[in-house]
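# A look at the structure
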Amino acid sequence: MNKLIRTEAKLTLREPIGMAFSLLLPLGIVLAFGLSGSASEADPELDGQVPLDTVLPSLALALSFGMLAVFMLPGFMADYRMRGILRRLSTTPVHPARLLAAQVVVQFVIALISVPLVLGLAIALGMNTPEQPLMALVVIVLGGAALFAVGTLVSAVAPDAKVGYVYSAAFFFPSLFFAGIWLPKEQMPDWLSRFGDFTPLGAFRESLENAFAGTGQDPLMLLTLAVTAVLASTIAARVFRWE
Amino acid sequence: MSQGSIPRRLDSVIEIEHLHKRYGDVVAVDDVSFTVAANEIFGIIGVNGAGKTTTVECLTGVRTPDRGRIDVLGFDPATQRDAIRTRVGVQLQASALPDRLSVHEALDLYASFYPDPRDPDELIELLNLSHRRDARYGKLSGGEKQRVSVGLALIGKPRIAVLDELTTGLDPHARRDVWSLIERLKDDGLTVVLVTHFMDEVERLCDRVAVIHAGRVKALDTPTTLARPGHLEDAFVELTTA
């Protein structure tokens, strides 16, 4: 299993564009918006929050976790299925599920690398250090589990890379909206904003923001993440096509 | 040939009796029986859709038969998959490695899947790929890729190797290289099941060959008994017409 993980890590590093994009885009967002002075001031349109302390870093992390879990992971798995690598593995003593597990480990680790990068950059720009770092860690693990379970589900049901990409996009872009990336949640109608709290990406970003600001967690959002993780991975395990 | 029970041979490593497999309404394998002796190179030929690949998939445990008995080295491939997978090496038709993996990395990775693997570097030497050891799979020629895929089938020190379309797409030189590799492995005691479309390959390599047609064994004998040397293709076409 270790050799499989090392091999997947090497292969990911040899195809660095997707990974670099997933790491650099969030940093770019923090940098572009964080440099403007208003990012460090309380914003009345965000109910008096300081964007650099809450919205910006949580949004950047939601982006990197989302891209790695929902695009990179299914992309690799669809390629492996199409090339017959999963079928090839099923004739060896190693079940192809191990390859999926190795991919999840590798992409999750890359996503975790984005945490110190994003927070480091934001803090360098004047972000207040997160109020509840431990809670932030819990949210990252829970949210990561939820998003990677969704990515696994896409890998399980997509017949090929193209359809997989459509499934990923159909999940990801509306999720971005509900996570408040196009329109700050504070400016959405209450019902819409509340609905977004129960989407995996929205719940992840919002809970992360709460941990950064130290405002306390909404247990329903954490439950959303846990339920997504369990439900999506259970369905994926049942329907995964290993050939 | 496919009727009646097969006399049990003491040295047989594969025994298939009345194998039947259907996909929905389509009968892929109707009734196939044969045995393969230890250290034999056993050929399977037949037109596309005759049931060759399904037969091979059932004996490697990739598919479960609907009826019939299969015994591979004393194991039932349908229920004792792990035992089969450590003892039977499989080479599949399609290329099945990531382009960015090197030859050595691929064999080294697959070696880690087996309890008692061959040394990857020795196998690379045997496959005549030493000069391509660190080349990426995607950069290899068709013949080199094929040799890597034969290597993956052999890395776990299998007792039996199942090779599907071993030399399809290879130039004459590469084919002869792969053939002499198979002959050397037979000398080392390997049993080979070879699925192929090439009659010259059967005449050169196979001790016995089964002609599978419409899901049944139409003929099973040594290549020289089935036809005069060089005339196997005529005999094959005759056997598999109508």
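Residues numbered from 1 in each chain as written. Chains lettered and ligands numbered in written order. Predicted model: local features only at pLDDT ≥ 70, side-chain atom pairs only at ≥ 80, totals over all residues. Heavy atoms only, no water.

## A closer look at the overall build of chain A
When its secondary structure is counted, chain A shows 10 helices and 0 strands. Taking 243 residues into account, the globule formula puts the C-alpha radius of gyration at 18 Å, and chain A, at 18 Å, falls close to it. Burial statistics for chain A: of 243 residues in total, 53% are counted as buried. Summing over all exposed atoms, chain A offers an accessible surface of approximately 10,400 Å²; the carbon and sulfur share of this is 70%. (Helix = DSSP H or I, 4+ residues; strand = E, 2+ residues; numbered from the N terminus. Rg over C-alpha atoms; globule rule 2.2 N^0.38 Å. Buried < 20%, exposed > 50% of the residue type's maximum accessible area, 1.4 Å probe, protein only. Areas by Shrake-Rupley, 256 points an atom, 1.4 Å probe, with all protein chains shown as cover.)

## Digging into unusual backbone geometry
All names here are of chain B. Phi is positive for Asn39, close to 70°, though the residue is something other than glycine. Position of Asn39 among the secondary structure elements: in the loop between strand 2 (26–37) and strand 3 (41–45). Within the chain, Ala214 stands out as a residue other than glycine whose phi angle is a positive 50°. The residue Ala214 is located in the loop between strand 8 (208–213) and strand 9 (216–221) in this model. Taking relative accessible area as the criterion, Ala214 reaches 58% and is therefore assigned exposed.

## Brief notes about the interface of chain A and chain B
The partner chain B presents 26 residues to the 20 residues of chain A that form the contact. Taking both partners together, chain A and chain B bury about 2,300 Å²; carbon and sulfur atoms supply 57% of that area. When residues of chain A are sorted by the area they lose upon contact with chain B, Arg14(A), Arg83(A) and Arg88(A) head the list and together hold 30% of the total. Inspection of the region where chain A meets chain B yields 6 salt bridges. Across the pair Arg83(A) and Asp99(B) runs a salt bridge whose closest N-O atoms are separated by 3.0 Å. (Contact = heavy atoms within 4.5 Å. Buried area = accessible area lost by both parts, 1.4 Å probe. Salt bridge = Lys/Arg side-chain N within 4 Å of Asp/Glu carboxyl O.)

## Considering the confidence of the model for chain B
All names here are of chain B. Looking at chain B as a whole, its pLDDT mean stands at 88, while 94% of the residues score no less than 70. Counting interchain partners and residues more than four positions distant, the pLDDT-below-50 stretch residues 1–6 has 14 contacts. Scoring of the predicted complex yields 0.85 for pTM and 0.82 for ipTM. (pLDDT = per-residue confidence, 0-100.)

## Concerning helix 3 (residues 55–82) of chain A
Across its 28 residues, helix 3 of chain A extends 39 Å between first and last C-alpha, which sits within 8% of the 40 Å expected from 1.5 Å per residue. Its axis deflected by about 25° at Leu68(A), helix 3 of chain A carries its strongest bend there. (Expected span 1.5 Å × (residues − 1). Bend = angle between axes of the 7 residues up to and from the residue.)

## Quick look at the nonpolar core
Phe204(A) and Ile182(B) are the most contacted members of the largest nonpolar core, which totals 120 residues. In terms of residues, this core owes the most to one element, helix 3 of chain A, which gives 18 residues. For Ile182(B), the residues in contact, after removing those within four places along its chain, are Ile41(B), Leu163(B), Leu166(B), Val192(B) and Leu205(B). If you look at the next biggest cluster of nonpolar residues, it comprises 29 residues, including Ile14(B), Val90(B), Val193(B) and Ala210(B). (Core = buried A, V, L, I, M, F, W, Y, C linked by side-chain atoms within 4.5 Å.)

## Topic: the environment of Asp43(A)
Here Asp43(A) is to be found in the loop between helix 2 (16–34) and helix 3. Along the chain, Asp43(A) and Phe71(A) lie 28 residues apart, while their C-alpha atoms are 33 Å from each other.

## Examining the UniProt feature "transmembrane region" (unreviewed entry) in chain A
Per the UniProt record, "transmembrane region" (unreviewed entry) is annotated on residues 20–39, 59–78, 99–127, 133–158, 165–183 and 220–240 of chain A. Span residues 165–183 of chain A is 74% helix and 0% strand, its end C-alpha atoms 24 Å apart. (UniProt positions renumbered as here; feature names shortened; annotations may be inferred.)

## Overview of the packing of aromatic side chains
Counted according to the given criterion, the structure contains 12 aromatic pairs over all chains. Aromatic side chains Phe71(A) and Tyr165(A) sit 5.4 Å apart centroid to centroid with 45° between the ring planes, which places their arrangement in the tilted category. On the criterion of sequence distance, the pair formed by Phe71(A) in helix 3 and Tyr165(A) in helix 7 (residues 161–178) is long-range, its members being 94 residues apart. With a centroid separation of 5.2 Å and 85° between ring planes, the pair formed by Phe71(A) and Phe172(A) is classed as edge-to-face. Here Phe71(A) is found in helix 3, whereas its partner Phe172(A) is found in helix 7, with 101 residues between them in sequence. For Phe172(A), a relative accessible area of 3% corresponds to the buried category. An aromatic cluster is defined as three or more aromatic residues linked by ring pairs; in this entry it consists of Phe65(A), Phe108(A), Phe148(A) and Phe204(A). Stacked on the ring of Tyr137(B), the Lys or Arg Lys145(B) has its end atom at 5.3 Å from the ring centre. (Phe/Tyr/Trp six-rings, centres within 6.5 Å; stacked < 30°, edge-to-face > 60°. Lys NZ or Arg CZ within 6 Å of the ring centre and 35° of its normal.)

## A look at the pattern of salt bridges
Residue and element names in this part refer to chain B. Taken as a whole, this structure holds 24 salt bridges over all chains when the rule is applied. Asp30 serves as the salt-bridge partner of Arg216, at 2.8 Å between the closest nitrogen and oxygen. Remark: Asp30 occurs in strand 2 and Arg216 occurs in strand 9; sequence separation between them is 186 residues. With a relative accessible area of 32%, Arg216 lands in the partly exposed category.

## Section: the pairing of strand 8 of chain B
All names here are of chain B. Counting buried residues along strand 8, 6 of its 6 residues qualify, which places the element largely inside the surrounding structure. Neither face of strand 8 is left uncovered, since the one carrying Arg208, Ala210 and Ile212 and the one carrying Val209, Val211 and His213 both have all their residues buried. In this sheet, strand 8 lies alongside strand 3 in parallel orientation, the contact comprising 4 bridges. When the sheet's bridge partners are listed, Ile44 is paired in strand 8 with Ala210. Where strand 8 lies against strand 9, 5 bridges are found, and the strand directions are antiparallel. Each bridged residue has a counterpart across the sheet, and for Val211 the counterpart in strand 9 is Ala219. Taken together, strand 8 and the strand that follows it, strand 9, pair antiparallel across an intervening segment of 2 residues, in which Ala214 is found at a positive phi of about 50°. (Pairing = 2+ DSSP bridges.)

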